[in-house]
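# Fold and contact review
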Amino acid sequence: MSSAAVLAAEFQAPSFEYSLLSPLLVIFGVAITGVLVEAFAPRGSRYLLQAVLAVLGVVGALVATVIVGLNLVSRGGGTAHGSIAAEGAIAVDGPSIFIWGTVLVLSLVSVLLFAERRLEGGVLSFAGQAAALPGTEAEREASTRGLEHTEVFPLMMFAVGGMMLFPASNDLLTMFVALEVLSLPLYLLCGLARRRRLLSQEAALKYFMLGAFSSGFFIYGIALVYGYAGSMNFAAISAAVSGRAGGEGLLLGGIALLAVGMMFKVGAAPFHAWTPDVYQGAPTAVTAFMAACTKVAAFGALLRLFYVAFGGARWDWTPMVWVIAILTMVVGSVLALSQTDVKRMLAYSSIAHAGFLLTGFVGAQQVADVGIGEITSLQAVLFYLVTYGFTTVAAFAVVTVVRDAGGEATHLSRWSGLGKESPVVAGVFAVLLLGMAGIPLTSGFTGKWAVFTTALAGGAWPLVVTAVLFSVVAAFFYVRVIVLMYFSDPVGEGPTVATPSILTTIVIAVGFAATLALGVVPGPVLDLAAAAGEFIR
Amino acid sequence: MSETPFIVLSAILFTIGCVGVLTRRNAIVVFMCVELMLNASNLALITFARVHGNLDGQVAAFFVMVVAAAEVVVGLAIIMTIFRTRRSASVDDASLLKY
């Protein structure tokens, strides 16, 4: 037999579980179709085509996720269920399905925010022509001709695809590729604001530079862990870690570098510096999408990487995460106190939330320790992510409707007296802020309760005490905004609340309803999170 | 043949890239330093692939190259836009967003 024939006989075609991966395939398919629409459809019909395509794609992927989720098989006893797909590259298990569902629902809401046209007088809130320089004739012409970049929809779909792949990836290489697939479209989207384009471009530059820097750390961490374990697969890494394969320096260095990359994505101090700048400069619809979905996806990936691959080295990385969690809560809550821009304040609030989530992450209540009616820290973090995501999207949606002549009035002084101008908008925003602060009967309270009780059960009481203290500090700046809205007189002409189309109204209504519903009856979603079980290995 | 020199070289390249990102002003140079970090990782991946005698690391190096190429596309587009707007590619000049 010739050598080619021998190779051909040895070659086995990789198996690819199309049905298990259908949610991912639908989203990536929609993204690619969106690119084709951009190339072939006439300009006039693109907006409608792209928006409908994106909504249908996300709904389709959501249906596929539910179907896949209902048919997961139990694996290895315990509460873990699911299967490893795509030759070991992707784990479709309970937590994956839960995160896919969360990301997809939040994306569905964000698509509506992206598609809002009435607030800008009949065009998208993205730059009419990104290549036209700000303040030039070309930009004015683009504006008078009513040009708009409908490319934002396919870009967003690629980002959603990356966000779904990121927490489901079962080896380091897939994780790295997913990280980039979710980041690259977001870098571009950040630079596409219609108003205040200099700020927007600056945000894109900063996000890109720091993002590329952090992914450099991530890939070097991958190289070191690969050097330690001899494989990129999480199961193999876990086996090597438990078996103490030797060369601990490589492992510790690798964990540290991977943590830098991950902590950057979740926006934890001291790697948070990009968050306020990017959240403030980016178009508000993108900020809403990014703040909610990126955090969900990145926390999913963080949990899988550290629980599955590095679970055996828990004692090595726990002190590091303790320090990061405390620092993140302090930085987020304290710096938010001095902010004068509402988007920037919400950015620092999201940093503080990352700290609370890390508290749950490191508290690490295991399946084995869970009593009846208790949940593991994985499930608590998943639940918190849902509560945080809805409140955040709705809060940024409210920011898009409070406007003055220059577009969105994001400076806090412009918000004073909003309660008199528009009681409904001010009331909704007040409830959302109370939700973020964690007042009882809102989702923030149940989320914090779930995370803090598991952390306490896991023995991380100093962290929980810190977290509760800084929740109080955080409550102060949320309440400050409420006081400003209701008990201050408007400055000058005062704020105006633009009437949005049905799209933004739906977003705000959904976020508001979820904030209250998850606070009053958290049971169903908690049950769902508990049903997600554990990661498969 | 010992693999240590290659790992040391990759660590040195990574450090040079890292220091470059933190100290250089020009966005293009900063970006080149990031690429240097990625290439240092490639060297480490390939060396470890040889140590372990499997191909995972070499395959990963190809993926890193593709990702780096995609990053260049996005990055240069963003840097170009900033340069055309501000007539400068210095990362210190873009400082409207702060505190």
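Residues numbered from 1 in each chain as written. Chains lettered and ligands numbered in written order. Predicted model: local features only at pLDDT ≥ 70, side-chain atom pairs only at ≥ 80, totals over all residues. Heavy atoms only, no water.

## Overview of the overall build of chain B
To keep it simple, the criterion reads: For the purposes of this entry, the term helix denotes a DSSP run of H or I that reaches at least four residues, the term strand denotes a run of E that reaches at least two, and both are numbered from the N terminus. For a compact globule the rule gives 2.2 Å times the number of residues to the power 0.38, and the radius of gyration it is set against comes from C-alpha atoms. Whether a residue is buried, partly exposed or exposed follows from its accessible area with a 1.4 Å probe, protein chains only, as a fraction of its type maximum: under 20%, in between, or over 50%, in that order. By definition, residues are in contact when any of their heavy atoms lie within 4.5 Å. For every accessible area listed, the method is Shrake-Rupley and the probe measures 1.4 Å; residues are considered covered only by the protein chains on display. Neither His nor the chain termini are counted; the positive set is Lys and Arg, and the negative set is Asp and Glu. Where a charge lies is defined by one atom per residue type, namely NZ (Lys), CZ (Arg), CG (Asp) and CD (Glu).
Tallying secondary structure elements over chain B gives three helices and zero strands in all. In sequence order, the secondary structure elements of chain B are arranged as α-α-α. Its C-alpha atoms give chain B a radius of gyration of 17 Å, more than 25% over the compact-globule value 13 Å for 99 residues. The principal-axis extent of the C-alpha atoms belonging to chain B is close to 50 × 25 × 25 Å. Put simply, chain B has 99 residues, and 40% of those count as buried. Sequence-distant contacts, at least 24 apart, represent 58% of the contacts inside chain B between residues at least 6 apart. Counting every atom, chain B has about 5,300 Å² of accessible surface; 68% of that belongs to carbon and sulfur. Side chains of chain B give 7 positive and 6 negative charges; the mean places of these two sets differ by 14 Å.

## Structural notes on the packing of aromatic side chains
All names here are of chain A. Put simply, the rule reads: Between rings of Phe, Tyr and Trp, where Trp is taken as its six-membered ring, a pair exists when centres lie within 6.5 Å; planes separated by under 30 degrees are stacked, by over 60 edge-to-face, and by other angles tilted.
A full pass over the atoms with the stated rule returns 24 aromatic pairs over all chains. Judged by centre distance (5.3 Å) and plane angle (45 degrees), the rings of F114 and F126 are tilted. Of the two residues, F114 is situated in helix α4 (residues 94-114) and F126 in the loop between α4 and α5 (137-144); the sequence distance between them amounts to twelve residues. This pair shows no difference in class: F114 is buried, exactly as F126 is.

## Observations concerning the pattern of salt bridges
Quick reminder of the rule: Counted as salt bridges are all cases of a side-chain nitrogen of Lys or Arg within 4 Å of a carboxyl oxygen of Asp or Glu.
Applying the stated criterion across every chain, the model contains 15 salt bridges over all chains. For E148 of chain A, the salt bridge identified is with R117 of chain A, shortest N-O distance 2.4 Å. With a gap of 31 residues between them, E148 of chain A in the loop between α5 and α6 (152-168) and R117 of chain A in the loop between α4 and α5 connect regions that are remote in the sequence. The shortest N-O distance in the salt bridge between K420 of chain A and D489 of chain A comes to 3.6 Å. One end of the pair, K420 of chain A, is in helix α16 (residues 418-421); the other, D489 of chain A, is in the loop between α19 (461-487) and β5 (496-497), and 69 residues separate them in sequence. Look at D489 of chain A and you get exposed, because its relative accessible area is 58%. Residues joined in a network through salt bridges with shared partners are E202, K206, D277 and R344 of chain A together with R86 of chain B.

## Examining the packing of helix α13 (residues 314-337) of chain A against helix α14 (residues 342-363) of chain A
Helix-helix packing is characterised by the crossing angle of the two axes and by the distance between the axes. Residues and elements named next belong to chain A. Applied cut-off: Each axis is a line fitted through C-alpha atoms, and for a helix only the stretch in contact is used; angles between axes span 0 to 180 degrees, taken between their N-to-C directions. Any angle between 65 and 115 degrees counts as roughly perpendicular, while under 35 counts as roughly parallel, over 145 as roughly antiparallel, and the rest as oblique. Take the far helix as the reference: if the near one is turned anticlockwise from it by less than a right angle, the crossing is left-handed, and if turned clockwise, right-handed. Note on residue classes: Ala, Val, Leu, Ile, Met, Phe, Trp, Tyr, Cys and Pro are nonpolar, Asp, Glu, Lys and Arg are charged, and everything else, Gly too, is polar.
Interaxial distance between α13 and α14 falls to 8 Å at its minimum, and their mutual angle equals 155 degrees. It follows that α13 is roughly antiparallel to α14 by the angle criterion. Handedness of the crossing formed by α13 with α14: left-handed. A per-class count over the contact of α13 with α14 returns 18 nonpolar, six polar and no charged.

## Re the interface of chain B and chain A
Defined as follows: Put simply, buried area is how much 1.4 Å-probe accessible surface two parts lose in total, over both of them, once they are put together.
The interface is formed by 46 residues belonging to chain B together with 43 residues belonging to chain A. Overall, the association of chain B and chain A removes approximately 3,700 Å² of surface from exposure, summing both partners, and the carbon and sulfur fraction of that is 77%. Contact with chain A buries area across many residues of chain B, yet F48, I78 and L97 of chain B alone supply 18% of it, more than any other trio. At the boundary of chain B and chain A, one finds one salt bridge.

## Points about the UniProt feature "transmembrane region" (unreviewed entry) in chain B
Applicable threshold: UniProt positions are given in the numbering used here, feature names are shortened, and annotations may be inferred rather than shown by experiment.
Residues given the UniProt feature "transmembrane region" (unreviewed entry) here are residues 6-22, 29-49 and 61-83 of chain B. Between the first and last C-alpha atoms of residues 29-49 of chain B the distance is 30 Å; the span itself is 100% helix and 0% strand.

## Section: the confidence of the model for chain B
What counts is decided by this rule: For every residue, the predictor states its confidence as a pLDDT score lying anywhere from 0 to 100.
In the predicted model, chain B carries a mean pLDDT of 92, and 98% of its residues have values of at least 70. Prediction confidence for the complex, expressed as pTM and ipTM, is 0.94 and 0.96 respectively.

## Section: helix α12 (residues 284-309) of chain A
Our working definition: Take the residue count of a helix, subtract one, and multiply by 1.5 Å to get its expected span.
With 26 residues, α12 of chain A extends 36 Å between its outermost C-alpha atoms, agreeing within 8% with the 38 Å of an ideal straight helix rising 1.5 Å per residue. Within α12 of chain A, 26 of the 26 residues are buried, which leaves the element mostly enclosed by the surrounding structure.

## Concerning the nonpolar core
As a reminder of what qualifies: Side-chain atoms within 4.5 Å are what join buried Ala, Val, Leu, Ile, Met, Phe, Trp, Tyr and Cys residues into a set we call a nonpolar core.
V92, F114, F153, L305, F310 and L358 of chain A are the most contacted members of the largest nonpolar core, which totals 221 residues. Beyond its immediate sequence surroundings of up to four residues, F310 of chain A is in contact with V225, I237, V241, L251, I255, L258, L305 and W317 of chain A.

## Side note on the sheet that holds β5 of chain A
Strand pairing within a sheet occurs via backbone hydrogen bonds; the two strands may be parallel or antiparallel. Put simply, the rule is: By definition, two strands form a pair when at least two bridges between them are found by DSSP.
The three strands are arranged β4-β3-β5 (chain A) in an open sheet whose pairing can be described as antiparallel. On the outer flanks of this sheet lie β4 (407-408) and β5 of chain A, each paired with one strand and no other.

## Observations concerning the state of the cysteines
Residue and element names in this part refer to chain A. Which entries qualify depends on this criterion: Only a pair of cysteine sulfur atoms within 2.5 Å counts as a disulfide in this structure description.
According to the stated counting rule, one finds zero disulfides over all chains in the structure shown. The cysteine C190 is free of any disulfide, with C293 supplying the nearest cysteine sulfur at 13 Å. C190 gets classed as buried once you look at its relative accessible area, which sits at 0%.

## Looking at empty space enclosed by the protein
Residue and element names in this part refer to chain A. Heads up, the condition is: Site definitions follow a grid-based scheme: protein atoms alone, a 1 Å grid, a 1.4 Å probe that fits but cannot get out for cavities, and for pockets an open set with protein on both sides within 12 Å along at least five of seven lines, plus lining residues having an atom within 4 Å of a point. Grid points are joined across faces, edges and corners, and a volume is the space filled by probe spheres set on the points.
Per the counting criterion, the structure on display carries two cavities of 30 Å³ or more. Size it by volume and the largest cavity reaches roughly 60 Å³. Elements with a minimum of two residues in the lining of the largest cavity: α15 (377-401), α17 (423-437) and α18 (443-457). Looking at the lining of the largest cavity element by element, the count peaks at four residues for α15. Looking at the lining of the largest cavity residue by residue, the class counts come to three nonpolar, six polar and one charged. The calculated volume of the second largest cavity comes to roughly 40 Å³. Looking at the second largest cavity, the residues that line it are K265, V266, G267, W274, T275, Y279, M290, T294 and K295. Taken together, the residues that form the lining of the second largest cavity break down as four nonpolar, three polar and two charged.

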